[in-house]
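# Observations on the three-dimensional arrangement
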Amino acid sequence: MLDKALRPLHPFFFAHVRLAIVDILNLNEDSESPGDFFFHNHPVTRVETQGVVVNVKQRQQFLQYIIDDGTGLIPCMCWLEADAAQSATEPAILELGALVNVRGKLSTYRQERQIVVSTIRVEEDPNMESWWWLETIQLRQEVYLAPVSKFVSTFEQAAAPSNKQTKVDYESSFQAQLLRVIDAMEVTAFPYSHIRQHSELVASAVELVRKHSTVDRSSEVEESLVSSLFARCMRRLVAEGHVFMLDVQQDTYGVVNVATLQPIILEMLGSSAASGVQQESILDKLKMEPKFRSSSRTKIISVLDALVEASVIFEVEPKRFAVLR
């Protein structure tokens, strides 16, 4: 078991380690340091997992979801903030059967393993469950089962500069390239196949996989890794509110841009008084739409600014908008 003083230096210690529920349940806990768990001698304090909600328990101070990924079941505790717990308004509750992605801190309560949730997100695209398993198995084989000695040099060189591009770096760069291509298309929706077959993106993905993957580079494995890279980056674009799943059956995505938001914003302002609508009210109403729930304030405000610049709407006063009549 890794020395307690060295655990915070291990790259897994503060990361959300992606594991199947059966692996989470089988983690060994340090009896002298509750909350420190070990997976093949690697320290684990936080996890990410995915599964289907099979039970919901609601109390005044928390919501508890039991999720099932086919390998086991684990309770996920969502503690409500004091204001929410005292509010007369019912907190939003996820439906039974929803596929969710959960991140949180591990703990043991009454000898039962549980996740104290930091984020829980409904996965709208059913295809992502397959990609999640593919990525999880790949991480297990390439990273999590590696001996701790492999990371010793990481401890020693943690403060040293490195020119080697990390997996996070190259995935972030590919995600940025993917978003630039989508923005350049200037559309409100697109089929996933259009992006997946985009020659420039495919060439970049293949180059990145060949440069950074350490697994067997047979054509089948390479194609699988490229597909996984596309899926991960698309999922992040959805999570960050740049795009949204428009039609699951047709595998079509919508784009959050001026063309998408303009008719909705104009409808809001058109039914308002001449005094206009506060920016915060516009943001709140848009956030109530499932497809815009993940969109950032910055993204929506940039659309409002673009509509003002195009003289479609105007500011009655700072941060209060009305439509030109």
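Residues numbered from 1 in each chain as written. Predicted model: local features only at pLDDT ≥ 70, side-chain atom pairs only at ≥ 80, totals over all residues. Heavy atoms only, no water.

### Here's the deal with the overall build of the protein
A tally of regular secondary structure across the protein gives 11 helices and 15 strands. Across the 325 residues of the protein, 42% fall into the buried class. Partitioning the intrachain contacts of the protein with sequence separation of at least 6 by distance along the chain shows that 62% fall at a separation of at least 24. (Helix = DSSP H or I, 4+ residues; strand = E, 2+ residues; numbered from the N terminus. Buried < 20%, exposed > 50% of the residue type's maximum accessible area, 1.4 Å probe, protein only. Contact = heavy atoms within 4.5 Å.)

### Observations concerning a nonpolar patch on the surface
On the surface, Phe314, Val316 and Leu324 cluster together into a nonpolar patch covering about 240 Å² of accessible area. Relative to the assigned elements, Val316 resides in strand β14 (residues 313-317). (Patch = residues over 30% accessible without salt bridge, like charges linked within 9 Å, V, L, I, M, F, W, Y side chains within 5 Å. Areas by Shrake-Rupley, 256 points an atom, 1.4 Å probe, with all protein chains shown as cover. Salt bridge = Lys/Arg side-chain N within 4 Å of Asp/Glu carboxyl O.)

### Thoughts on the packing of helix α9 (residues 258-270) against helix α11 (residues 297-309)
Here α9 crosses α11 at 75°, and the two axes come no closer than 10 Å. With respect to each other, α9 and α11 are oriented roughly perpendicular. Listed contacts from α11 to Val258, Leu261, Gln262 and Ile265 of α9 are Val303, Leu304, Ala306 and Leu307. Taken together, the residues of the contact of α9 with α11 sort by class into seven nonpolar, one polar and no charged. (Axes fitted to C-alpha atoms, helices over the stretch in contact; angles between N-to-C directions. Parallel < 35°, antiparallel > 145°, perpendicular 65-115°, else oblique. Nonpolar A, V, L, I, M, F, W, Y, C, P; charged D, E, K, R; others polar.)

### Topic: the sheet that holds strand β12 (residues 252-255)
Read from one edge to the other, the open sheet built from three strands follows the order β10-β12-β11, with strand pairing classed as antiparallel. Either end of the sheet is taken by a strand with one partner, and the two such strands are β10 (189-191) and β11 (243-247). Neighbouring strand axes in the sheet, compared pairwise and without regard to direction, differ in orientation by 35° on average. As paired strands, β10 and β12 are joined by three bridges and run antiparallel to one another. If you follow Phe190 over to β12, its bridge partner there is Tyr253. (Pairing = 2+ DSSP bridges.)

### Notes on the confidence of the model for the protein
Averaged over every residue, the pLDDT of the protein is 84; the share at 70 or more is 88%. Note that residues 156-164 has pLDDT below 50 and, in this model, zero contacts with residues that lie over four places away or in other chains. (pLDDT = per-residue confidence, 0-100.)

### Some points on the side chain of Ser33
Within the secondary structure, Ser33 sits in the loop between β2 (28-29) and β3 (37-39). The residues touching Ser33, leaving out its near neighbours within four places in the chain, are Lys4 and Arg7.

### A few points about the layout of surface pockets
In this structure, the second largest pocket spans a volume of roughly 970 Å³. In terms of lining, the second largest pocket is formed by 30 residues, of which the most central are Leu94, Arg121, Val122, Glu124 and Arg293. Breaking the lining of the second largest pocket down by element, the ones donating at least two residues are β6 (62-68), β9 (112-122), α8 (219-239) and β11. Class assignment for the residues of the lining of the second largest pocket results in 20 nonpolar, two polar and eight charged. (1 Å grid on protein atoms, 1.4 Å probe; cavity = no way out; pocket = protein on both sides within 12 Å on 5 of 7 lines; lining within 4 Å. Points joined across faces, edges and corners; volume = space filled by probe spheres on them.)

### Overview of the pattern of salt bridges
Counted according to the given criterion, the structure contains 12 salt bridges. As a salt-bridge pair, Glu135 and Arg232 come within 4.0 Å of each other at their nearest N and O atoms. Taken together, the positions of Glu135 in helix α3 (residues 127-144) and Arg232 in helix α8 put the pair 97 residues apart, joining distant regions of the chain. Here Glu135 and Arg232 have matching classes, each one buried.

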